[in-house]
Every structure is written in C-alpha cells, then in structure tokens.
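As a plain string of letters, each chain reads:
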Amino acid sequence: MKFALVNGVKTEAQPGLKGICLYCEKDRDMIAKCGKVKIWHWAHKSNVSCDPWWENEREWHRAWKNRFPVEWQENRHVDSTTGEKHIADIKTAAGLVIEFQHSAIQPAEVQSREAFYKNMVWVIDGTRLKGDFPSFCKGFRELSPLKIMPGVFLSLSPNKCFPASWLNSSVPIYFDFQGVNPINQTDRLRDPLWCLFPGRAEGFAVVAGVPREDFIKFSAQNTHLLFAREMLSNISQVFREKGISASRGYPKVAPCR
Ligand SMILES: [Zn+2]
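Keep in mind that what you see is a predicted model, and the values were worked out from it rather than measured. (Residues numbered from 1 in each chain as written. Predicted model: local features only at pLDDT ≥ 70, side-chain atom pairs only at ≥ 80, totals over all residues. Heavy atoms only, no water.)

Asks: What am I meant to see in the coordination of the zinc ion here?
Replies: Six octahedral donors at a metal ideally form angles of 90 or 180 degrees, and four tetrahedral donors ideally form angles of 109.5 degrees. Protein-derived coordination of the zinc ion comes from C21 (SG), C24 (SG), H44 (NE2) and C50 (SG), at a distance range of 2.1 to 2.3 Å. For the zinc ion, the four donor atoms are set out with angles of 102 to 114 degrees between them, so the coordination reads as tetrahedral. Motif for the zinc ion, donor spacing along one chain: C-x2-C-x19-H-x5-C. When sorted by exposure, H44 lands in the same class as C50, which is buried. (Donors = N, O, S within 2.8 Å, 3.2 Å for Na, K, Ca; no water. Tetrahedral: all angles 85-135°; square planar, octahedral: opposite > 155°, others 65-115°. Buried < 20%, exposed > 50% of the residue type's maximum accessible area, 1.4 Å probe, protein only.)

Asks: Even after reading the chapter, I still don't get the layout of surface pockets, so can you show me in this structure?
Replies: Rolled over the atoms, a probe sized like a water molecule indicates the empty space that remains. Approximately 470 Å³ is the volume attributed to the largest pocket. Surrounding the largest pocket, 18 residues form its lining, M1, H41, W42, A43 and N56 being those nearest its centre. Of all elements in the fold, only β4 (29-33) and β5 (41-44) reach the threshold of two or more residues within the lining of the largest pocket. With four residues, β5 is the single largest residue contributor to the lining of the largest pocket. Among the residues forming the lining of the largest pocket, the class breakdown is eight nonpolar, five polar and five charged. Shared between two domains, the lining of the largest pocket holds at least three residues of each, these being domain 1 (1-50) and domain 2 (52-248). (1 Å grid on protein atoms, 1.4 Å probe; cavity = no way out; pocket = protein on both sides within 12 Å on 5 of 7 lines; lining within 4 Å. Points joined across faces, edges and corners; volume = space filled by probe spheres on them. Helix = DSSP H or I, 4+ residues; strand = E, 2+ residues; numbered from the N terminus. Nonpolar A, V, L, I, M, F, W, Y, C, P; charged D, E, K, R; others polar. Domains from an automatic or database assignment.)

Asks: What's the story with the pairing of strand β9 (residues 120-125) in this structure? I'm lost.
Replies: Side chains on a regular strand alternate between the two faces of the sheet. Burial of β9 is extensive: six of the six residues sit out of reach of the surface. Going residue by residue along β9, you find M120, W122 and I124 tucked away on one face and V121, V123 and D125 tucked away on the opposite face as well. Strand direction decides the pairing type here: strand β8 (residues 97-101) and β9, joined by five bridges, are parallel. Looking across to β9, one finds that Q101 is bridged to I124. For the crossover from β8 across helix α2 (residues 107-117) to β9, the handedness is right-handed. Direction of pairing for β9 relative to strand β12 (residues 173-176): parallel, over a ladder of four bridges. In the sheet register, W122 faces β12, and the bridge partner there is I173. (Pairing = 2+ DSSP bridges. Right-handed = clockwise from strand over helix to strand, strands pointing away.)

Asks: I keep staring at unusual backbone geometry and nothing clicks. Help me out?
Replies: Residues other than glycine predominantly adopt negative phi, and peptide bonds predominantly adopt the trans conformation. Phi is positive for E74, which is not a glycine, with a value near 45 degrees. Structurally, E74 is set in strand β6 (residues 73-78). For E74, a relative accessible area of 2% gives the class buried. Positive phi, normally seen in glycine, also occurs at E202, with a value near 45 degrees. Of note, E202 is situated in the loop between β13 (193-196) and β14 (205-210). Taking relative accessible area as the criterion, E202 reaches 27% and is therefore assigned partly exposed.

Asks: Explain the pattern of salt bridges here, please?
Replies: Once the charged atoms of two side chains with opposite charge are near each other, the side chains can pair. Throughout the structure, instances matching the rule amount to 11 salt bridges. Here E57 makes a salt bridge to R62, at a shortest N to O gap of 2.9 Å. Its relative accessible area of 15% is what places E57 among the buried residues. Residue D191 pairs with R188 through a salt bridge whose shortest N-O separation is 2.6 Å. Of the residues examined, D191 reaches a relative accessible area of 24% and is grouped as partly exposed. Via salt bridges that share partners, E57, R62, K65 and E74 belong to a single interconnected network. (Salt bridge = Lys/Arg side-chain N within 4 Å of Asp/Glu carboxyl O.)

Asks: Sorry, what's going on with the nonpolar core here?
Replies: Inside soluble globular proteins, nonpolar side chains tend to come together where they are buried. Formed by 33 residues in total, the largest nonpolar core has its most connected members in W64, F68, I98, Y174, V206, F215 and I235. Residue assignment for this core shows that the elements contributing at least two residues are α1 (59-65), β8, β9, β11 (152-155), β13, β14, α4 (212-221) and α5 (224-242). The element best represented in this core is α5, accounting for five residues. In terms of nonpolar packing, the next biggest core, distinct from the first, is built from 30 residues, F136, L143, W166 and V171 among them. (Core = buried A, V, L, I, M, F, W, Y, C linked by side-chain atoms within 4.5 Å.)

Asks: Sorry if this is basic, but what is going on with the packing of aromatic side chains here?
Replies: Each aromatic ring pair is specified by the distance between its two centres and by the angle formed by the two planes. Tallied over the entire structure, the rule returns 22 aromatic pairs. Taking the centre distance of 6.0 Å and the plane angle of 55 degrees together, the rings of F153 and W194 count as tilted. With a gap of 41 residues between them, F153 in strand β11 and W194 in strand β13 connect regions that are remote in the sequence. Summarising the burial analysis for this pair, F153 and W194 share the class buried. An aromatic cluster is built from F133, F136, F140, F153, F162, F175, F177 and W194, whose rings are joined through pairwise contacts. Seen from the ring of Y23, K85 lies directly overhead, with NZ or CZ sitting 5.0 Å from the centre. (Phe/Tyr/Trp six-rings, centres within 6.5 Å; stacked < 30°, edge-to-face > 60°. Lys NZ or Arg CZ within 6 Å of the ring centre and 35° of its normal.)

Such coordinate-based values are descriptive only and should not be taken to indicate function.
Rendered as structure tokens:
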C-alpha cells in the first residue's frame, strides 16, 4: 500500500519507518519497503491475510492515485450493516469509489466489488495485454457514432472492443490504453479514456471517449453514475420514439450515422 498510519497519520513509505496497516488497524506492524526495483510501499512483516481485494501496486496505480487528493487515496469503506470493510483505491469526499485494475479479474469478483461499493467506477489498465489495444482499434471501426451526442458510439458487439470480464458491469468502466509510458503518442485513440456504460440502450452497448481531465472532474463532482443513467435513458427514449433497436441492426438514418 502507498500509506500506513504512523503516529496516527496517513504516511507514505520512507526508509526505516514503521506503521500500522490502514486495513487491519491493530497488531500489524507494517514495514516501509523502499528498494530500487519495486515502487516504495508498505508491506506486512509476515504474510498475514490483509484485504483480499488488494492488488500489488504498480507505477500505473500510483500515477492514477496521485491525481486525487491524499485524503481520498486508500480510503476505507465499511458496510454499516455487515461490518465488511475494504480499502478503496480512491474514495472521494462525496463517497464515490474508484478502483484501478491492472490484473485480470473474474466476473464474480467484479460483481461482488460493485455490490459492496455501489457508487463506484472502474479504471482498467488497457496496456496489460498486448492484444487489448489492437482489439479495441479493430472493434472501434465497427462502432456507430451517435449524431445527437458527439463522442458517443453504439455497439452491437462490445466483446469486439473490450475483454469479456467487463461487459456486464453495473457501473461505468473506463479503459486506459495509454498506461504510464505511452507506447505510441501519435495514436489519438489512446488519448481519452474509453467508457463502456452500464446497461444497454434498446440493446446497444454505449461507448464514449472521455478526456482524462473530464474523468477527474466527474469524479470530484460524483456524477458518473447519474450521468450514465441519464444518458442511457435519453438515448433509449429517442430510439423508442424512432423505432430503433439492436434487433434491427445499426440505425441508418438520423440520429445516427
Ligand atoms: Zn493489513
């Protein structure tokens, strides 16, 4: 983890420091690991079972976390009914949780985290597998731009753009194809985050390119879920009025294409 409690204060790892785990809280002496290879972090002395949802951090995680205020980073979220707790990568003052996911994850775990945090979004490292960005680019060519909303696209087969684990999520998923060391700066498709919205509009998956600055802004305003729901419902309404649905294929007249 980036932080541990030192004298009660959330503190970054520094050589020689000892701290208390933000998750376990008591009886767990954390050691500051400040080597040359891995990013500086806190680790337990022994292999105790800490937060089972915690993923080993990489530069990519850190770079994202650092774009938010320190008090929102590695923030504990407790279910007041069950007492279950986890450390969210980011939990804003308004209660929005952002999870940054590098490793592969099972759909069942995606579901359980969404059920636990409820008001959350995911940011996925789209550079982990070499094939993910080429797949997205190939799938992108089949997307149908929505004229009434520039930057928003319809998809009949989102599986051609995104990995299967993320297709049935209940919250917005943002794919980051840039990573920490941009592979090809000239590739404009890597510039925005690509959001797959939860649910479907008359059977169409809805995908949008979201500038990174806007993502940070939406996060601070806690408007991701509201925005996603309103957008899907507005698109659905227009489609119903015009008799557009996925079973009839991509619409060939306005409001699309
Ligand atoms: Zn711990």
